[in-house]
Amino acid sequence: MLFSISRLVTQRALLLAMLAAPAAAFAQEPQESAPAAAIAGPSDTTPETSPRVFELRVYTAAPGKMESLNRRFRDHTLKFFEKHGITSIGYWTSEAEPNRLYYLVAYPDRASREQRLVKGVAKDRDFLQVVADSEKDGKLTVEIESVILNPTDYSPMK
């Protein structure tokens, strides 16, 4: 129980630290490639009708697999995210829990997450092959957590 509370506190502290970073660094919307724009549809939506959503994901590495997990993200995953129009905000590790990878990505709206992640990256044959190759000696993670974050009306990052 104490470990779970400690981990929750660590996650909340990391999230607060990420969001406390200068808003200007996060406020710039990266230019989307033509395929990503085609998936997303028109880009002139307003936050009131189609708010950008963020996803905080936390991967707990299997024992001895953190460097392999980092390598897969560094060498492959980020390229697949870009290919499928997923905006990478940042990637972090925690000094308190060095076997965990925290990252924040953004989508134009909730439907885009479904299209780009669930129906995109997760079904991309090349990505599935990378995962299979990276896990030939065992799974890299023991747990994956996901939190969908919707910006408030007063959030500097939208």
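The structure we're discussing is the one just above.
Report follows, based on the coordinates. Numbers given to residues run from 1 along each chain, matching the order in which its sequence is written. The predicted origin of the model limits local features to residues at a pLDDT of at least 70 and limits the giving and counting of side-chain atom pairs to 80 or more, whereas totals for whole chains, interfaces and linings rest on all residues. Computation of side-chain values: all heavy atoms of the structure, hydrogens and water removed.

Counting from the N terminus, the helices are the DSSP runs of H or I reaching at least four residues and the strands are the DSSP runs of E reaching at least two. The helix and strand inventory of the protein stands at 6 helices and 4 strands. When its helices and strands are written in sequence order, the protein yields α-α-α-β-α-β-β-α-α-β. Counting across all 158 residues of the protein, residues that qualify as buried make up 39%. In the protein, 77% of the contacts between residues at least 6 apart in sequence involve partners at least 24 apart. Accessible surface area values rest on a Shrake-Rupley calculation with a 1.4 Å probe, where residue burial reflects the displayed protein chains alone. Put simply, the protein shows about 9500 Å² of open surface, and 57% of that area lies on carbon and sulfur atoms. The rule is simple: take the accessible area with a 1.4 Å probe, protein chains only, and divide by the maximum for that residue type; under 20% is buried, over 50% is exposed, in between is partly exposed. Pairs of residues are marked as contacts when any of their non-hydrogen atoms sit within 4.5 Å.

In this section: the nonpolar core. Membership of the largest hydrophobic core comes to 19 residues, with the highest contact counts inside it found for L69, F73, F81, I86, L101 and Y103. Elements supplying a minimum of two residues to this core: strand 1 (53–61), helix 4 (66–83), strand 3 (100–107) and helix 6 (125–134). For this core, the element with the highest residue contribution is helix 4, accounting for 5 residues. Setting aside anything within four residues of it in sequence, one finds L101 in contact with R57, V58, Y59, M66, L69, N70, F73 and W92. Only buried Ala, Val, Leu, Ile, Met, Phe, Trp, Tyr and Cys residues count toward a nonpolar core, and they belong to the same one when joined by side-chain atoms within 4.5 Å. Core analysis: the next-biggest nonpolar cluster, separate from the first, contains 7 residues, V58, L104, A106 and M157 among them.

The subject of this paragraph is the packing of helix 4 against helix 6. A fitted line through C-alpha atoms represents every axis, and for helices the fit uses only the stretch in contact; the resulting angles, taken between N-to-C directions, go from 0 to 180 degrees. It is the contact of helix 4 with helix 6, at a shortest axis distance of 11 Å, that shows an interaxial angle of 165 degrees. By the criterion of interaxial angle, the relationship of helix 4 to helix 6 is roughly antiparallel. Crossing angle aside, the handedness with which helix 4 passes helix 6 is left-handed. Judged by residue contacts, R72, H76, T77, F80 and K83 of helix 4 engage D126, F127, V130, V131 and S134 from helix 6. As a working rule, the residues Ala, Val, Leu, Ile, Met, Phe, Trp, Tyr, Cys and Pro are called nonpolar, Asp, Glu, Lys and Arg charged, and the rest polar, with Gly in that last group. Classifying every residue of the contact of helix 4 with helix 6 gives 4 nonpolar, 3 polar and 3 charged. For this classification, under 35 degrees means roughly parallel, over 145 means roughly antiparallel, 65 to 115 means roughly perpendicular, and everything else is oblique. Rotating anticlockwise by less than a right angle from the far helix to the near helix defines a left-handed crossing, while the corresponding clockwise rotation defines a right-handed one.

If you check helix 4, its first and last C-alpha atoms are 24 Å apart, about what 18 residues at 1.5 Å a residue would give, namely 26 Å. For helix 4, the secondary structure elements touched by its buried residues are strand 1, strand 2 (87–93), strand 3, helix 6 and strand 4 (141–149). Just beyond helix 4, the residue with positive phi is G85, at close to 80 degrees. To estimate how far a helix should reach, multiply one less than its number of residues by 1.5 Å.

With that settled, consider the sheet that holds strand 2. Strand order across the open sheet formed by 4 strands is 2-3-1-4, with antiparallel pairing between neighbours. Strands at the two margins of the open sheet, each flanked by one partner only, are strand 2 and strand 4. The sheet shows a mean angle of 15 degrees between the axes of neighbouring strands, taken without regard to direction. Two strands pair if DSSP finds at least two bridges between them. Taken together, the 6 bridges between strand 2 and strand 3 define a ladder with antiparallel strand orientation. Residue pairing in the sheet places T87 in a bridge with A106 of strand 3. With respect to the sheet, helix 4 is in contact with strand 1, strand 2, strand 3 and strand 4, its orientation differing from that of strand 3 by roughly 10 degrees. Of the strands in this sheet, strand 1, strand 3 and strand 4 are in contact with helix 5 (residues 110–118), which crosses strand 1 at around 45 degrees.

A word on the packing of aromatic side chains. The criterion for an aromatic pair is that two Phe, Tyr or Trp rings (for Trp, the six-membered ring) have centres within 6.5 Å, with stacked assigned to planes under 30 degrees apart, edge-to-face to planes over 60 apart and tilted to the rest. The tally for this structure, following the rule as stated, stands at 7 aromatic pairs. Consider the rings of Y59 and F73, whose centres lie 5.5 Å apart with planes at 85 degrees: the pair is edge-to-face. Separated by 14 residues along the polypeptide, Y59 in strand 1 and F73 in helix 4 bring together distant segments of the chain. Here the two residues Y59 and F73 agree in accessibility, since each one is buried. Among the aromatic residues, those joined into a ring-pair cluster are Y59, F73, F81, Y91 and Y103.

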